[in-house]
Amino acid sequence: MTESAGESLGEVRGVLAEVSERLRAAYRCVRSAEQGLDEAIAVLSRLDQSHHDNLVPPELPRASSELTRGLGLISGGVESVEAIDARL
């Protein structure tokens, strides 16, 4: 391998490491948001029992589902980046 190819490979690995870290940070943020949303749904559901109106807007469970789906996509991105790095 030539020196410039080695440098390029090093640059690619550096970028992949940065992408991987950003994906992991995104996963942590989304997971935190998901937990907070689930807690809010639980509190509202408990309050629903003593209230005549439904306090849990239908958008909240849908948002929670979307966050869960997003976590799967982010995990897939991390795995893809790791697979690319392993092939290098």
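Higher on the page you've got the structure.
Computed from a predicted model, the values in this text were never measured in an experiment.

On to the side chain of glutamate 34. With respect to the helices, strands and loops of the structure, glutamate 34 is situated in helix α1 (residues 3-48). Note on glutamate 34: relative accessible area 6%, which makes it buried. For glutamate 34, the residues in contact, after removing those within four places along its chain, are Ser64, Leu67, Thr68 and Leu71.

On to the pattern of salt bridges, then. Between side chains of opposite charge, a pair can form when the charged atoms approach closely. Applying the stated criterion across every chain, the model contains seven salt bridges. When the shortest N-O distance is used, the salt bridge between glutamate 18 and arginine 22 registers 2.8 Å. Linking glutamate 18 with arginine 22, this pair stays in helix α1, spanning four residues, or about one helical turn. Under the relative-accessibility criterion, glutamate 18 is labelled partly exposed at 43%. Assessed through its relative accessible area of 58%, arginine 22 is described here as exposed. The closest approach of N and O atoms between arginine 24 and glutamate 82, which form a salt bridge, is 2.3 Å.

On the surface, Val12, Ile84 and Leu88 cluster together into a nonpolar patch covering about 210 Å² of accessible area. For leucine 88, the location among the structural elements is in the segment after α2 (59-87). Given the relative accessible area of 37%, leucine 88 is considered partly exposed.

Reading the values: rules and limits
- Residues numbered from 1 in each chain as written.
- Predicted model: local features only at pLDDT ≥ 70, side-chain atom pairs only at ≥ 80, totals over all residues.
- Heavy atoms only, no water.
- Helix = DSSP H or I, 4+ residues; strand = E, 2+ residues; numbered from the N terminus.
- Buried < 20%, exposed > 50% of the residue type's maximum accessible area, 1.4 Å probe, protein only.
- Contact = heavy atoms within 4.5 Å.
- Salt bridge = Lys/Arg side-chain N within 4 Å of Asp/Glu carboxyl O.
- Patch = residues over 30% accessible without salt bridge, like charges linked within 9 Å, V, L, I, M, F, W, Y side chains within 5 Å.
- Areas by Shrake-Rupley, 256 points an atom, 1.4 Å probe, with all protein chains shown as cover.

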